[in-house]
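The residues making up each chain are set out below.
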Amino acid sequence: MISLLGLVFIVAVKVFKKTTPNGKVTVYLGKRDFVDHLDFCDPVDGIIVVDSDYLKGRKIYSQLVTTYRYGREEDEVMGLKFSKEMVLNHEQVVPMVNNKMELTPIQEKLLKKLGPNAFPFTFNFPDMSPSSITLQPGDDDQGKPLGVEYSVRTYVADNEDDKGHKRSSVTLAIKKLQYAPATRGRRLPSSLVSKGFTFSNGKINLEVTLDRETYYHGEKIAANIIISNNSRKSVRGIKCYVIQHCEITMINSQFSRHVASLESREGCPITPGASLSKTFYMVPLARTNKDSRGVALDGHLKEDDVNLASSTLVAEGKCTTDAIGIVISYSVRVKLNCGTLGGELVTDVPFKLLHPAPGTIERQRVNAMKKMQSIERHRYENSLYTNEDEDNIVFEDFARLRLNEPE
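Residues numbered from 1 in each chain as written. Predicted model: local features only at pLDDT ≥ 70, side-chain atom pairs only at ≥ 80, totals over all residues. Heavy atoms only, no water.

Draft legend 1. How the structure looks around the overall build of the protein chain. Looking only at helices and strands, the protein chain features 2 helices and 23 strands. For the protein chain, the proportion of contacts with a sequence separation of at least 24, taken over those separated by at least 6, is 68%. (Helix = DSSP H or I, 4+ residues; strand = E, 2+ residues; numbered from the N terminus. Contact = heavy atoms within 4.5 Å.)

Shown next as structure tokens:
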């Protein structure tokens, strides 16, 4: 009888793969999401496997490519283009040029498993490269959505200048993301504004305070509102919004979208001399904004992992004005309706909306929630009871269609 202590539980390592249409070249990636930690970014590490008798003197090249689309594809006429494709890294993988490449653990494991026809490649994102973001298209929009996308393109060619053929080319879409810092900090964002009136003494004071500075996707935002009416006007209603602010740096354009809203008349009207203290709760979610054109989303590969775009973070010593691509920020906006002649009293309180950092308790909670919502994405039957490290790898095909592959 085998002792239970002799069994070692090893969770299967998921590896994504995609093969060229002719079936001769396969590209493997250990993950599709690569994290920008501000001081460094995860490298894009992969493996290419090729049939031994296929190349016949030809070479295999791989590229890290970004596509920045800042205008609608259907508006492109007379050679005008509203997108820019940039090759960030280019490398000859087969035959290997860099024999002294430092391998990552997943590359070492894959090379051991896939045999002598496997060749590694590693790409690094440039400093200040933008995160993957997609702007949600409208019902009438056609073509590719606006935003920033990344992909790994691999092709077979005789020399570096050839574009290769569609049958021997493959493109894998990837994402570059940012996570929240390990600690959220204790600062509570707040704003205090006042409004006076012509031919009337006194003011209406509005104070808005959030319960934290950084929120995770799916969390409830609590806005504590204190209204003091020292004027002769009355506050007839309160409106709260979560605003997503987008800046498209390529064309120096800015716009905002409401991603959550709440209207209340409880406690209203707030008559002269009266005050009101109330907390409003809102949850900005991508699934409640499916019909809102232009809402920024985290560049997504599957419909079940869509989130609102995370706030753009920059390294210490940098300014958000130095960021490129699509710069995202959020704020809570509160409006007080002071009547037809009184107008409105408005204030914004900025905050950050991000994914929890890997390894934190919040991240574990988010992962547990995702497992409950999407069983297929977290298949436990791939977990193996084995002592053979090289066998605990599960390969998953890229389900996304091939994009922008050379003819």
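Anyway, onward from the coordinates.
Draft legend 2. Quick look at unusual backbone geometry. The amide bond that connects V94 to the next residue, P95, takes the cis arrangement and shows omega of -10 degrees. Positionally, P95 belongs in the loop between β7 (83-94) and α1 (105-114). That bond from C268 to P269 is cis: its omega, 0 degrees, falls within 30 degrees of zero. Within the secondary structure, P269 is located in the loop between β17 (253-264) and β18 (275-282). Positive phi is not limited to glycine here, since L38 has a value of about 75 degrees. Relative to the helices and strands, L38 is located in the loop between β4 (33-36) and β5 (44-50).

Draft legend 3. View of the pattern of salt bridges. For the coordinates displayed, the defined rule picks out 10 salt bridges. The shortest N-O distance in the salt bridge between D36 and K176 comes to 3.0 Å. Of this pair, D36 sits in strand β4 while K176 sits in strand β11 (residues 169-178), and the two are 140 residues apart along the sequence. Measuring nitrogen to oxygen at the nearest pair gives 3.2 Å for the salt bridge that ties R187 to E213. Of the two residues, R187 sits in the loop between β11 and β12 (190-197) while E213 sits in the loop between β13 (200-210) and β14 (214-216), which places them 26 residues apart along the sequence. A single salt-bridge network, built from bridges that share partners, covers R187, E213 and K352. (Salt bridge = Lys/Arg side-chain N within 4 Å of Asp/Glu carboxyl O.)

Draft legend 4. Quick look at the nonpolar core. Within the largest apolar cluster, 71 residues are counted, with the highest numbers of intra-cluster contacts made by I238 and L336. Looking at which element gives the most residues to this core, the answer is strand β20 (residues 326-337), with 6 residues. Not counting chain neighbours up to four residues away, the residues in contact with L336 comprise I204, L206, I227, V235, G237, I238, G343, E344 and L345. If you look at the next biggest cluster of nonpolar residues, it comprises 8 residues, including V15, I106, L110 and I393. (Core = buried A, V, L, I, M, F, W, Y, C linked by side-chain atoms within 4.5 Å. Buried < 20%, exposed > 50% of the residue type's maximum accessible area, 1.4 Å probe, protein only.)

Draft legend 5. Layout of α1. Those residues of α1 not exposed but buried are I106, Q107 and L110. The buried side chains of α1 occupy one side of the element, clustering within an arc of 95 degrees when seen end-on. Every exposed residue of α1 that faces more than 90 degrees away from the buried side is listed here: P105 and K112. Tucked into the core, α1 has its buried residues touching β2 (13-19), β3 (25-29), β5, β8 (118-123) and β23 (393-397). Note on α1: the residue one or two positions beyond its end, G115, has a positive phi of about 95 degrees. (Arc of directions from axis to C-beta.)

Draft legend 6. Examining the sheet that holds strand β16 (residues 237-248) more closely. Strand order in the open sheet formed by 5 strands is β14-β21-β20-β16-β17, with mixed pairing between adjacent strands. With one partner strand each, in any of the chains shown, β14 and β17 form the two edges of the open sheet. Neighbouring strand axes in the sheet, compared pairwise and without regard to direction, differ in orientation by 35 degrees on average. For β20 and strand β21 (residues 344-354), the ladder comprises 8 bridges, and the chain directions are antiparallel. (Pairing = 2+ DSSP bridges. Axes fitted to C-alpha atoms, helices over the stretch in contact; angles between N-to-C directions.)

Draft legend 7. Representation of the confidence of the model for the protein chain within the structure. Per-residue confidence for the protein chain gives a mean pLDDT of 82; residues scoring 70 or more make up 85%. Here strand β22 (residues 384-385) stands out as the least confident element of the protein chain, with mean pLDDT 38; strand β15 (residues 221-229) is the most confident, with 95. With pLDDT under 50 throughout, residues 401-407 is counted as low confidence; its partners more than four residues away or in other chains account for 24 contacts. (pLDDT = per-residue confidence, 0-100.)

Draft legend 8. The arrangement of the side chain of S168 in detail. Tracing the sequence through the fold places S168 in the loop between β10 (147-157) and β11. With relative accessibility at 6%, the residue S168 sits in the buried group. Contacts of S168, omitting those with residues within four sequence positions, involve T20, N22, Y54, T154, Y155 and V156.

Draft legend 9. Structural detail: the environment of L341. Assignment of secondary structure puts L341 in the loop between β20 and β21. Each C-alpha atom of the pair L341 and F197 lies 9.3 Å from the other, and the pair is 144 residues apart in sequence.

Draft legend 10. Fine view of the environment of R333. Looking at the secondary structure, you find R333 in strand β20. Since its relative accessible area comes to 22%, R333 is described here as partly exposed. For the pair formed by R333 and C240, sequence separation is 93 residues and the distance between their alpha carbons is 5.7 Å. Ignoring anything within four residues of it in the chain, the contact list for R333 reads K239, C240, Y241, I243, H245, V346, T347 and D348. Side chain to side chain, R333 and D348 meet in a polar contact 2.8 Å long. (Polar contact = N/O pair within 3.5 Å; in protein donor to acceptor, adjacent residues only side chain to side chain.)

Draft legend 11. A look at the pairing of β2. Strand direction decides the pairing type here: β2 and β23, joined by 5 bridges, are parallel. Among the inter-strand pairings, K14 is bridged to a residue of β23, identified as V394. Direction of pairing for β2 relative to β3: antiparallel, over a ladder of 4 bridges. Along β3, the bridge assignment pairs K18 with V27.

Draft legend 12. View of the environment of V148. Within the fold, V148 resides in strand β10. Since its relative accessible area comes to 1%, V148 is described here as buried. In the structure, V148 is positioned 18 residues away from P130 in sequence and 7.5 Å away in space, judged by C-alpha atoms. The contacts of V148, once residues within four sequence positions are left out, are T66, T67, Y68, P130, S131, S132, I133, G325 and I326.

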